[in-house]
Amino acid sequence: MVVLVIFGLTFIVLATYTIVRISIACVFWSFNTSTDAKHIFKLCFPYYIIALTVICMAFIITFNKSIFAIYYFSTVYFLALFLWKRKLKPSKKKTFAVEPNQTQLP
């Protein structure tokens, strides 16, 4: 029984992460690839977060302010904020420069 609960919760968390991640990715995909991420953020983030706030509040009210609904939709809200921040953060790609240590090799 416990295994089924853990499996169910894991599925719900992964599904939620995937849906929020895809919704944010769609915002970036709708623009040209040459558009800067910060420009997209300034243009779309306010509308995205307002819509997400309204949707989360509507679901919380629909579920009669259940504590589980409040926890879940609060998690969705903060997950979206975290993913927007992560999307804007420049990626640090490690470059491995190989320098010869033995210059006297034949």
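Everything discussed here concerns the structure shown above.
Novice: Explanation requested: the environment of P90 in the structure shown.
Specialist: Inspection of the secondary structure assignment puts P90 in the segment after α3 (67-88). On a C-alpha basis, the gap between P90 and A37 in space is 9.5 Å, while along the polypeptide they are 53 residues apart.

Novice: Mind showing me how you'd approach the environment of K87 here?
Specialist: Residue position: K87 is located in helix α3. Residues K87 and A37 lie 50 residues apart in sequence; the distance between their C-alpha atoms is 8.0 Å.

Novice: Quick question: what am I supposed to make of the side chain of T16 here?
Specialist: Along the chain, the position of T16 falls in helix α1 (residues 2-29). According to the relative accessible area criterion, T16 is buried, its value standing at 10%. Among the polar contacts listed, one links the side chain of T16 to the backbone oxygen of I12, at a separation of 2.8 Å. Excluding residues within four positions of it along the chain, T16 makes contact with Y72, V76 and L79.

Novice: In this structure, what is going on with unusual backbone geometry? I would like to understand it.
Specialist: Trans peptide bonds make up the majority, and among non-glycine residues the majority have a negative phi. With a phi close to 55 degrees, N64 is a non-glycine residue in the positive phi region. In this fold, N64 is placed in the loop between α2 (37-62) and α3. In this model, K65 sits at a positive phi of 55 degrees, which is unusual for a non-glycine residue.

Novice: What exactly am I supposed to notice about a nonpolar patch on the surface here?
Specialist: A surface patch of nonpolar side chains, about 790 Å² in accessible area, is lined by M1, L4, V5, L9, F11, I12 and Y72. Look at V5 and you get partly exposed, because its relative accessible area is 45%.

Novice: Looking at this structure, how should I read α1?
Specialist: An α-helical turn contains 3.6 residues, so any two residues separated by three or four positions project in the same direction. Between the first and last C-alpha of α1 there are 40 Å, a value that for 28 residues agrees with the 40 Å anticipated at 1.5 Å per step. Among all positions of α1, only T16, V20, I24, A25, V27 and F28 are buried. Buried residues belonging to α1 abut α2 and α3.

Novice: Would you mind going over the packing of α1 against α2 with me for this structure?
Specialist: Angle between the axes and distance between the axes are the two parameters that describe a pair of packed helices. Axis separation between α1 and α2 bottoms out at 10 Å; the angle between their running directions is 125 degrees. Classified by the angle their axes make, α1 and α2 are oblique. Seen along the crossing, α1 lies across α2 with a hand that is right-handed. Residues V20, S23, I24, V27 and F28 of α1 form the contact with α2, whose participating residues are A37, I40, C44 and Y48. Split into classes, the residues belonging to the contact of α1 with α2 amount to eight nonpolar, one polar and no charged.

Parameters at a glance
Residues numbered from 1 in each chain as written. Predicted model: local features only at pLDDT ≥ 70, side-chain atom pairs only at ≥ 80, totals over all residues. Heavy atoms only, no water. Helix = DSSP H or I, 4+ residues; strand = E, 2+ residues; numbered from the N terminus. Buried < 20%, exposed > 50% of the residue type's maximum accessible area, 1.4 Å probe, protein only. Polar contact = N/O pair within 3.5 Å; in protein donor to acceptor, adjacent residues only side chain to side chain. Contact = heavy atoms within 4.5 Å. Patch = residues over 30% accessible without salt bridge, like charges linked within 9 Å, V, L, I, M, F, W, Y side chains within 5 Å. Areas by Shrake-Rupley, 256 points an atom, 1.4 Å probe, with all protein chains shown as cover. Salt bridge = Lys/Arg side-chain N within 4 Å of Asp/Glu carboxyl O. Expected span 1.5 Å × (residues − 1). Axes fitted to C-alpha atoms, helices over the stretch in contact; angles between N-to-C directions. Parallel < 35°, antiparallel > 145°, perpendicular 65-115°, else oblique. Left-handed = near helix turned anticlockwise from the far one by under 90°. Nonpolar A, V, L, I, M, F, W, Y, C, P; charged D, E, K, R; others polar.

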